[in-house]
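Architecture at a glance
The lines below spell out each chain.
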Amino acid sequence: MQKAALDRVRLVFTLLDADGTGYLEAGDFELMASRVIAASPDSGDVAKAAILAAFRRYWTTLAAELDANRDGRISFDEYVACVLSPERFDEAISDFAEALARLGDPDGDGFIGRDDFVALMTAIGFAPTNIHALFDAFGPSDADQIPVPVWATGIKDYYSPEKTDIPGDHLVG
């Protein structure tokens, strides 16, 4: 496995462990979803419902695929398997990526402004310096916006162990 992919997964695990117990549990995904939704007050109800559903699907997919001892929580060692077998999670990650990117486009014009991007990524827990570096790596327009599909693809790439030197690596710092 690529070191960069493992570093990305380690960071995401830490952020998804929203209550800091050292394990991923259903409540972590509900808490994270509520934080992300709160960070996007101008987004519509459909977009908010989609990100909530995506977080829930992310959890149920992880629990079904990775909770080896069926204790209702996922350790880091169990979570690493999502990098080793990304094909098991493609649909859940794709739903999550599309929903998060759409949430960042509250006016529905197909673009995400820096402020919306920063608000969502901060709600997830990424460091501000790394958030701005990522946004810049996506090549924003003169209006300081990126296309929705660019961010969605960037999220999907983040979860791809074979990808190296991707914009998402800026999140690891």
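Every value quoted in this text rests on a predicted model; they were computed, and no experiment measured them. (Residues numbered from 1 in each chain as written. Predicted model: local features only at pLDDT ≥ 70, side-chain atom pairs only at ≥ 80, totals over all residues. Heavy atoms only, no water.)

**Looking at the pattern of salt bridges**
- Overall, the coordinates contain 11 salt bridges when judged by the stated rule.
- Close ionic contact of aspartate 144 with arginine 114 constitutes a salt bridge, the shortest N to O distance being 2.7 Å. Within this pair, whereas aspartate 144 is found in the loop between α8 (128–137) and β2 (145–147), its partner arginine 114 is found in helix α7 (residues 114–124), the two being separated by 30 residues in sequence.
- The partly exposed category is assigned to aspartate 144, whose relative accessible area is 27%.
- In this structure, a network of salt bridges that share partners links the residues Lys3, Asp7 and Arg10. (Salt bridge = Lys/Arg side-chain N within 4 Å of Asp/Glu carboxyl O. Helix = DSSP H or I, 4+ residues; strand = E, 2+ residues; numbered from the N terminus. Buried < 20%, exposed > 50% of the residue type's maximum accessible area, 1.4 Å probe, protein only.)

**A short note on the environment of arginine 56**
- Its place among the elements puts arginine 56 in helix α3 (residues 45–66).
- Put simply, arginine 56 and glutamate 30 are 26 residues apart on the chain and 7.2 Å apart in space, counted from C-alpha to C-alpha.

**Points about the packing of helix α2 (residues 26–38) against α3**
- The geometry of α2 relative to α3 is characterised by a closest axis approach of 9 Å and an angle of 160° between their N-to-C directions. With respect to their mutual orientation, α2 and α3 come out roughly antiparallel. The handedness of the crossing between α2 and α3 is right-handed. Contact residues: Ala26, Phe29, Glu30, Met32, Ala33, Val36 and Ile37 in α2; Lys48, Ile51, Leu52, Phe55, Arg56, Tyr58, Trp59 and Leu62 in α3.
- The class makeup of the residues in the contact of α2 with α3 is 12 nonpolar, no polar and three charged. (Axes fitted to C-alpha atoms, helices over the stretch in contact; angles between N-to-C directions. Parallel < 35°, antiparallel > 145°, perpendicular 65-115°, else oblique. Left-handed = near helix turned anticlockwise from the far one by under 90°. Contact = heavy atoms within 4.5 Å. Nonpolar A, V, L, I, M, F, W, Y, C, P; charged D, E, K, R; others polar.)

**Section: the side chain of serine 75**
- You can see serine 75 is positioned in the loop between α3 and α4 (76–79).
- Discounting chain neighbours no more than four positions away, the residues touching serine 75 are Phe13 and Tyr23.

**Here's the deal with a negative patch on the surface**
- Negative charge collects at one region of the surface, where Asp42, Asp107, Asp109, Asp115 and Asp116 lie side by side.
- With respect to the secondary-structure elements, aspartate 115 resides in helix α7. (Patch = residues over 30% accessible without salt bridge, like charges linked within 9 Å, V, L, I, M, F, W, Y side chains within 5 Å. Areas by Shrake-Rupley, 256 points an atom, 1.4 Å probe, with all protein chains shown as cover. Lys, Arg positive; Asp, Glu negative; His and termini not counted. Charge placed at Lys NZ, Arg CZ, Asp CG, Glu CD.)

Note that all results are geometric; they support no functional claim without further evidence.
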